[in-house]
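# Examination of the molecular architecture
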Amino acid sequence: MKLATWNVNSIKARLEPAVAWLKEASPDVAVLQEIKCVDDAFPRAAFEELGYNCAVHGQKTYNGVAILSKRPLEDVTPRLKGADHDDHARYIEAIVPGIAGAVRVASIYAPNGNPIGTDKFTYKLAWMERLIGHTRELLDREIPFVLAGDYNICPSDDDVYDPVAFRDDALCRLESRLRFRALLYLGLTDAYRVFHQEPHRYTFWDYQAGRWHRDEGLRIDHLLLSPHAADRIAACNIDKKPRAKDRSSDHTPIWCELAV
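Read on for an overview of the structure.

What counts, and where the lines are drawn
Residues numbered from 1 in each chain as written. Predicted model: local features only at pLDDT ≥ 70, side-chain atom pairs only at ≥ 80, totals over all residues. Heavy atoms only, no water. Helix = DSSP H or I, 4+ residues; strand = E, 2+ residues; numbered from the N terminus. Buried < 20%, exposed > 50% of the residue type's maximum accessible area, 1.4 Å probe, protein only. Contact = heavy atoms within 4.5 Å. Polar contact = N/O pair within 3.5 Å; in protein donor to acceptor, adjacent residues only side chain to side chain. Expected span 1.5 Å × (residues − 1). Arc of directions from axis to C-beta. Phe/Tyr/Trp six-rings, centres within 6.5 Å; stacked < 30°, edge-to-face > 60°. Lys NZ or Arg CZ within 6 Å of the ring centre and 35° of its normal.

In this fold, Trp6 is placed in strand E1 (residues 2-7). Given a relative accessible area of 2%, Trp6 falls into the buried group. For the pair Trp6 and Ala30, spaced 24 residues apart in the sequence, the C-alpha separation amounts to 7.5 Å. Trp6 has contacts with Pro17, Ala18, Trp21, Val31, Leu32, Gln33, Pro242, Ser249, His251, Thr252 and Pro253, leaving out every residue within four places of it along the chain. Of the polar contacts made by the side chain of Trp6, one reaches the backbone oxygen of His251; its length is 3.2 Å.

Relative to the 16 Å expected for twelve residues at 1.5 Å per residue, helix H4 (residues 174-185) spans 16 Å between its end C-alpha atoms, a close match to the ideal helical length. Turning to H4, its buried residues number three or more, namely Ser176, Arg177, Arg179, Phe180 and Leu183. Viewed along the axis of H4, the buried residues span an arc of 155°, placing them on a single side of the element. Exposed and facing more than 90 degrees away from the buried side of H4 are Leu174 and Tyr185. Lining the buried residues of H4 we find helix H3 (119-140), strand E9 (189-190) and strand E10 (221-225). Positive backbone phi, at 120°, marks Gly187, one or two positions downstream of H4.

This brings us to the packing of aromatic side chains. Across all of its chains, the model carries six aromatic pairs by this definition. Ring geometry for Tyr202 against Trp205: centres 6.5 Å apart, planes inclined by 85°, an arrangement best described as edge-to-face. Per residue, the accessibility class of Tyr202 equals that of Trp205, and both read buried. Every member of this aromatic cluster is reached through a ring pair, and the members are Tyr202, Trp205 and Trp212. The cationic tip of Lys2 hangs over the ring face of Trp255; the distance from NZ or CZ to the ring centre is 4.9 Å.

Written out as structure tokens, the structure is:
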């Protein structure tokens, strides 16, 4: 099973490149973030023509997550537990059956959190705590799962082009990194680091100041695997080609392959 995650930064604006990439890369499962549309406005037909089933948790103008799968989607669950008042569309999960067993897959769009010292940063940390709590519940079920998406966290200084400049950015603050590490301490595996130890490999490049052409980016999109899923990982890489094209998202896909 080839599974990919991509923050498309508006599916309406990025529909053509998204369809082109799906045709070329042909992932079995693709989770999307920042679709920036309500459920009914999601362009399902374009993806269904490619053979994908769609599960969508959308929101007007902001946020929004989706799961596309060539295999059936079961037990689709939108929203992250723990805060009924939170109306941000940042999380959706579903079970994807495989040849050798099923995998639970989540599409995650974690809060940015900037600027620090505001309610936005407090919300970011609280949201991550909810994710940590939910992860504990998933681990108790002892099923393979992948928490994929835009975490808006650079795990270490190796994941940001200028650590000094980003020292007080919410994406690199110690408080944020500790929440990410908490997921790893629970037993999750950062799929990319299984195969790539080299520093300064990125999934996001800002549109401003020529960041893409200078390769000045951030690694904030991650595939975190449960122990049962990590045992089956066969490959993982960042696909930079979509970011180089016209009208691209500021993020690029990252994918992994699981033997399921």
